[in-house]
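# Fold and geometry: a report
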Amino acid sequence: RYQKDVYAIRVNPVGIPLHNGKYRPSGMKGVSDIICCVRGFFLAIEVKRNNRSKVTNEQVLFLKSIKQTGGYAIVATNLDDVIRVVERIRNAVS
């Protein structure tokens, strides 16, 4: 469903392909999988398959820096995790 107060992009973690078949990393390590703006607030979402999936040190640092600068940051294992934080942001600014 379209949400007029939410804009989100998926960050593509794949690097730049090299002539030898390998990849050169692109961008900054640890950037969350989904970057959003909800009613003017920054939201970083690190997506994990389940609660046993490991968050890397770089991902922890990225999420922490977002929170320290006034944004929202979560590790989500399902859609309900995302819906809860989006609703929390909406309620905080309405």
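Residues numbered from 1 in each chain as written. Predicted model: local features only at pLDDT ≥ 70, side-chain atom pairs only at ≥ 80, totals over all residues. Heavy atoms only, no water.

## A closer look at the sheet that holds strand β6 (residues 72-76)
Overall, mixed pairing links the 4 strands, which are arranged β1-β4-β5-β6 in an open sheet. This sheet does not close on itself; its edge strands, each paired only once, are β1 (6-10) and β6. This sheet shows a mean twist of 20 degrees between the axes of neighbouring strands, independent of strand direction. Contacts from helix α2 (residues 79-93) reach β1, β4 (34-38), β5 (41-47) and β6, with the element oriented near 160 degrees to β6. (Pairing = 2+ DSSP bridges. Helix = DSSP H or I, 4+ residues; strand = E, 2+ residues; numbered from the N terminus. Axes fitted to C-alpha atoms, helices over the stretch in contact; angles between N-to-C directions. Contact = heavy atoms within 4.5 Å.)

## Describing α2
Side chains that are three or four residues apart share a direction in an α-helix, a result of its 3.6 residues per turn. Between its terminal C-alpha atoms α2 stretches 22 Å, which fits the 21 Å expected from 15 residues at 1.5 Å a residue. Taken together, the buried positions of α2 are Asp-81, Val-82, Val-85, Val-86, Ile-89 and Arg-90. The buried residues of α2 occupy an angular sector of 165 degrees when the element is viewed end-on, so they sit on one face. α2 presents Arg-84 and Asn-91 as exposed residues on the side facing more than 90 degrees away from its buried surface. You can read the cap of α2 off the contacts: a side-chain oxygen lies 3.0 Å from the backbone nitrogen of Asp-80, and it is on Asn-78. (Expected span 1.5 Å × (residues − 1). Buried < 20%, exposed > 50% of the residue type's maximum accessible area, 1.4 Å probe, protein only. Arc of directions from axis to C-beta. Polar contact = N/O pair within 3.5 Å; in protein donor to acceptor, adjacent residues only side chain to side chain.)

## Overview of the nonpolar core
Counting residues in each nonpolar core, the largest one holds 11 residues, listed as Cys-36, Val-38, Leu-43, Ile-45, Tyr-72, Ile-74, Ala-76, Val-82, Val-85, Val-86 and Ile-89. Where this core is concerned, the elements lending two or more residues are β4, β5, β6 and α2. Looking at this core element by element, the count peaks at 4 residues for α2. The contact partners of Cys-36, leaving out residues within four places of it in the chain, are Tyr-7, Ala-8, Phe-41, Phe-42, Leu-43 and Ile-45. Of all hydrophobic cores here, the second largest spans 6 residues; its members include Ile-35, Ala-44, Phe-62 and Leu-63. (Core = buried A, V, L, I, M, F, W, Y, C linked by side-chain atoms within 4.5 Å.)

## Regarding helix α1 (residues 57-68)
With 12 residues, α1 extends 16 Å between its outermost C-alpha atoms, agreeing within 8% with the 16 Å of an ideal straight helix rising 1.5 Å per residue. For α1, the full list of buried residues reads Gln-59, Phe-62, Leu-63 and Ile-66. Viewed along the axis of α1, the buried residues span an arc of 95 degrees, placing them on a single side of the element. Exposed and oriented more than 90 degrees from the buried face of α1 are Asn-57, Leu-61 and Gln-68.

## As for unusual backbone geometry
Even without a glycine there, the phi angle at Arg-39 is positive, about 50 degrees. Positionally, Arg-39 belongs in the loop between β4 and β5.

## Observations concerning the packing of aromatic side chains
Under the definition given, this model contains 1 aromatic pair. Seen in terms of ring centroids, Phe-41 and Tyr-72 are 5.9 Å apart; in terms of plane orientation they differ by 80 degrees. Their pairing is edge-to-face. Residue Phe-41 is found in strand β5, and its partner Tyr-72 is found in strand β6; the two are separated by 31 residues along the sequence. (Phe/Tyr/Trp six-rings, centres within 6.5 Å; stacked < 30°, edge-to-face > 60°.)

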